[in-house]
Amino acid sequence: MTLRVITPPNIEPVSVETAKLFLRVDGADENALITSLLKGARETGEELARRAFITQTLEMVVDDWPPKFVMALMRPPLQNVVSVKYYDQNNVEATWTDYTVDARSEPGRIHFNSTPGTTLLESGGIAVRYVAGYGNAEVDVPQRIKDAILALTAYRYENRESHVVPREIKDAFIGERVTWF
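This write-up is about the structure you can find in this document. All values derive from a computational prediction rather than experimental measurement.

### A short note on the overall build of the chain
Part 1 of the argument: Looking only at helices and strands, one finds 4 helices and 8 strands in the chain.
Part 2 of the argument: Starting at the N terminus, the α and β elements of the chain follow one another as β-α-α-β-β-β-β-β-β-β-α-α.
Part 3 of the argument: Dimensions of the chain, computed from C-alpha atoms along their principal axes, come out at roughly 60 × 30 × 25 Å.
Part 4 of the argument: Each of the 181 residues in the chain was classed as buried or not, and the buried ones make up 48%.
Part 5 of the argument: Sequence separation of at least 24 residues holds for 75% of the intrachain contacts in the chain that already meet a minimum separation of 6.
Part 6 of the argument: By element, 48% of the accessible surface of the chain is carried by carbon and sulfur atoms, the whole surface being about 9,700 Å².
Part 7 of the argument: Each charge class in the chain can be summarised by its mean position, and for the 20 positive and 25 negative side chains these summaries are 3 Å apart.

### Notes on the pairing of strand β4 (residues 78-87)
Part 1 of the argument: In this structure, β4 lies alongside strand β8 (residues 126-132), joined through 7 bridges in antiparallel fashion. Opposite S83, over in β8, you have R129 as the bridge partner.
Part 2 of the argument: Looking at chain direction, β4 and strand β5 (residues 93-96) are connected through 4 bridges and run antiparallel. Within the sheet, the bridge partner assigned to Y87 lies in β5 and is E93.
Part 3 of the argument: The turn joining β4 and β5, which pair antiparallel and follow one another in sequence, is formed by 5 residues; a positive phi near 65 degrees is taken by N91.

### Focus: unusual backbone geometry
Part 1 of the argument: Residue P76 is joined to P77 through a cis peptide bond whose omega torsion reads 0 degrees.
Part 2 of the argument: Mapped onto the elements, P77 comes out in the loop between β3 (70-72) and β4.
Part 3 of the argument: The omega angle of the peptide bond from E106 to P107 is 5 degrees, so this bond is cis rather than trans.
Part 4 of the argument: Take P107: it is sitting in the loop between β6 (99-102) and β7 (109-112).
Part 5 of the argument: Even without a glycine there, the phi angle at N91 is positive, about 65 degrees.

### Side note on the sheet that holds β4
Part 1 of the argument: Taken together, 5 strands build an open sheet; the order of strands is β1-β2-β8-β4-β5 and the sheet is antiparallel. Strands with a single pairing partner mark the edges of an open sheet, and in this sheet they are β1 (2-7) and β5. Ignoring which end each strand starts from, the neighbouring axes of this sheet average 25 degrees apart.

### Looking at the packing of aromatic side chains
Part 1 of the argument: If you walk through the whole model with that rule in mind, you get 6 aromatic pairs.
Part 2 of the argument: Taking 6.0 Å as the distance between ring centres and 65 degrees as the angle between the ring planes, the aromatic pair formed by Y99 and F112 counts as edge-to-face. Of the two residues, Y99 sits in strand β6 while F112 sits in strand β7, which places them 13 residues apart along the sequence. Here the two residues Y99 and F112 agree in accessibility, since each one is buried.
Part 3 of the argument: Each residue in the set W65, Y86, W96, Y99 and F112 is aromatic and connected to the rest through ring pairs, giving one cluster.
Part 4 of the argument: Above the face of the Y157 ring, R160 is positioned so that its terminal group lies 4.5 Å from the ring centre.

Reading the values: rules and limits
Residues numbered from 1 in each chain as written. Predicted model: local features only at pLDDT ≥ 70, side-chain atom pairs only at ≥ 80, totals over all residues. Heavy atoms only, no water. Helix = DSSP H or I, 4+ residues; strand = E, 2+ residues; numbered from the N terminus. Buried < 20%, exposed > 50% of the residue type's maximum accessible area, 1.4 Å probe, protein only. Contact = heavy atoms within 4.5 Å. Areas by Shrake-Rupley, 256 points an atom, 1.4 Å probe, with all protein chains shown as cover. Lys, Arg positive; Asp, Glu negative; His and termini not counted. Charge placed at Lys NZ, Arg CZ, Asp CG, Glu CD. Pairing = 2+ DSSP bridges. Axes fitted to C-alpha atoms, helices over the stretch in contact; angles between N-to-C directions. Phe/Tyr/Trp six-rings, centres within 6.5 Å; stacked < 30°, edge-to-face > 60°. Lys NZ or Arg CZ within 6 Å of the ring centre and 35° of its normal.

All we've got here are geometric facts, nothing functional implied.
So this is what it looks like as structure tokens:
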């Protein structure tokens, strides 16, 4: 299974202004650095939590149709499914539409009513493109996630050479994890 970001978030879950207040930084001299640290903290947090914090388009690639016709999608919360494409053994792409989407469950799921009787590529035969995340604005993201992002941003601001995630910050992100994955 492979997951890739197709369209990254338009904003970060924590604004530069909020981070600067938290860090007690005045002026604009550090804005580029803080922007970079916030992005890195979000990306690290999403990896640890196995969630999409802010709206983004993802693509999950799998080798075969799911057992029992149900496919759970990585990086909840699921907003909607854009497309389900499959590739036959000759690498010819087709779109599949005989499914329903359960975006209320966590993780979100696709329930296939049927599957094509085609032999798929040996690897990466199905690509599901979908939109995930809490929403398009900072206010949509739970405060506990924003607090963990701020904590990691502050740690990396003070320890610029370190790539370590302190245990208590790591635990905060892991606490948001969907246990299915």
